[in-house]
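Single-letter residue listing:
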Amino acid sequence: MKILVPIKRVIDYNLKVRVKKDNSDVDLSNTKMGVNPFDEIAIEEAIRLKEASIATEVIAISCGTSASTDVLRTALALGADRAILVELEHNPEPLAVAKLISAVCAKEQVKLIICGKQAIDDDCNQTGQMTAALLDWSQATFASEIKIEGDSAFVVREIDGGLETLKVALPAVVTTDLRLNEPRYATLSNIMQAKRKPIDVITASDLGVDVSPRVSLLKVMEPPTRTAGEMVANVDVLLEKLKTEAKVI
């Protein structure tokens, strides 16, 4: 069974995002980039399934500019067998990514897609669901546990009422939640080996997919700065301020 793991290159989650002065977009100049954290969890789960002899091959894929090769190298260092870059001139929208992944799946005869539930830059949470719809595959989202038995996958999901276990037929798309696993660190030797591994580079036209943007970004703004709090002497003063200034009671 082949497993495909889509990976997105995003700003390092430890950094504060900066907005360009003209509010046209996020400023990525001199910014550390890395693998989307939810995608790291997906890579780890795919590798564990291979180590358990359930999967035969783990393929990492990224859709974006040539800069995305660095996150594919990371995936190879972590244990992915192959990497595919669908090279584009711009970062695609979720629907375009879903179309590209679907086309690659048909070419590679993949049986399971494991992807992060969302990317931390846009928080769209759409690609996995769109991919399942385009392929007409089963889907299970926000997985905190995955078990493969025969031609079925048992996926545990955390919901408001507790835990929900789904049984889905393979082929399927599964999106990962934070508590699915703890991603491993790449060893130095694996990092050096990954630098020498080839990455298959294809284009959207090779796959016959239209990736033209459908959404226009109008403006990007930082959240408003919170005002400083105020210490009050007692409960009576607090209640009075809530009535007269905040007007919440």
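One can find the structure itself at the top, above this paragraph.
Asker: Can you walk me through the pairing of strand β8 (residues 152-159) in this structure?
Answerer: Looking along a regular strand, one sees the side chains alternate between the two faces of the sheet. Bridging between strand β7 (residues 138-149) and β8 involves 6 bridges; their strand directions are antiparallel. When the sheet's bridge partners are listed, Ala143 is paired in β8 with Arg157. Counting the residues between successive antiparallel strands, the hairpin from β7 to β8 contains 2 residues, one of them, Gly150, with a positive phi of roughly 65 degrees. Sheet analysis places β8 next to strand β9 (residues 162-169), joined by 8 bridges and oriented antiparallel. Within the sheet, the bridge partner assigned to Ala153 lies in β9 and is Val168. Linking β8 back to β9 in an antiparallel pair, the connection comprises 2 residues.

Asker: Help me understand helix α1 (residues 37-51) in this model?
Answerer: A turn of α-helix holds 3.6 residues, and therefore any two residues three or four places apart point the same way. Relative to the 21 Å expected for 15 residues at 1.5 Å per residue, α1 spans 21 Å between its end C-alpha atoms, a close match to the ideal helical length. Burial analysis of α1 places 11 of its 15 residues in the buried class, the great majority of the element. Of the residues making up α1, those classed as buried are Pro37, Phe38, Asp39, Ile41, Ala42, Ile43, Glu44, Glu45, Ala46, Ile47 and Leu49. One or two steps after α1, the chain reaches Ser53, where phi turns positive at roughly 65 degrees.

Asker: Before we go on, may I ask you to explain the pattern of salt bridges in this structure?
Answerer: Note that side chains of opposite charge can pair when their charged atoms are close. Under the counting rule described, the total for this entry stands at 21 salt bridges. Between Glu222 and Lys16 there is a salt bridge, and its shortest N-O distance comes to 3.9 Å. Here Glu222, found in the loop between α6 (204-207) and α7 (235-244), pairs with Lys16, found in the loop between β2 (9-11) and β3 (33-35); they are 206 residues apart in sequence, far enough to count as distant. The class for Glu222 is partly exposed, based on a relative accessible area of 43%.

Asker: Please clarify how helix α2 (residues 69-78) should be interpreted in this entry.
Answerer: Taken together, the buried positions of α2 are occupied by Val71, Leu72, Ala75, Leu76, Ala77 and Leu78. The inward-facing, buried residues of α2 abut β2, β3, α1, β4 (57-64), β5 (82-87) and α5 (188-196). Phi for Gly79, located one or two positions after α2, is positive at around 135 degrees.

Asker: Explain unusual backbone geometry here, please?
Answerer: In the segment running from Leu170 into Pro171, the intervening peptide bond is cis, with an omega of 5 degrees. Positionally, Pro171 belongs in the loop between β9 and β10 (172-176). Of note in the backbone geometry, Asp136 takes a positive phi value of approximately 60 degrees without being a glycine. Looking at where Asp136 falls in the secondary structure, it is placed in the loop between α4 (127-135) and β7. Overall, the relative accessible area of 69% leaves Asp136 in the exposed class.

Asker: What is the right way to read the packing of α2 against α5 from this model?
Answerer: Axes are the key here: two packed helices are described by the angle between their axes and the distance separating the axes. Interhelical geometry of α2 versus α5 gives an angle of 125 degrees and a closest axis separation of 8 Å. In terms of their interaxial angle, α2 and α5 are classed as oblique. Like other packed secondary-structure pairs, α2 and α5 cross with a definite hand, here right-handed. On α5, the residues that touch Arg73, Leu76 and Ala77 of α2 are Asn190, Ile191, Ala194, Lys195 and Arg196. Of the residues in the contact of α2 with α5, the class split is 4 nonpolar, 1 polar and 3 charged.

The rules we used
- Residues numbered from 1 in each chain as written.
- Predicted model: local features only at pLDDT ≥ 70, side-chain atom pairs only at ≥ 80, totals over all residues.
- Heavy atoms only, no water.
- Pairing = 2+ DSSP bridges.
- Helix = DSSP H or I, 4+ residues; strand = E, 2+ residues; numbered from the N terminus.
- Expected span 1.5 Å × (residues − 1).
- Buried < 20%, exposed > 50% of the residue type's maximum accessible area, 1.4 Å probe, protein only.
- Salt bridge = Lys/Arg side-chain N within 4 Å of Asp/Glu carboxyl O.
- Contact = heavy atoms within 4.5 Å.
- Axes fitted to C-alpha atoms, helices over the stretch in contact; angles between N-to-C directions.
- Parallel < 35°, antiparallel > 145°, perpendicular 65-115°, else oblique.
- Left-handed = near helix turned anticlockwise from the far one by under 90°.
- Nonpolar A, V, L, I, M, F, W, Y, C, P; charged D, E, K, R; others polar.

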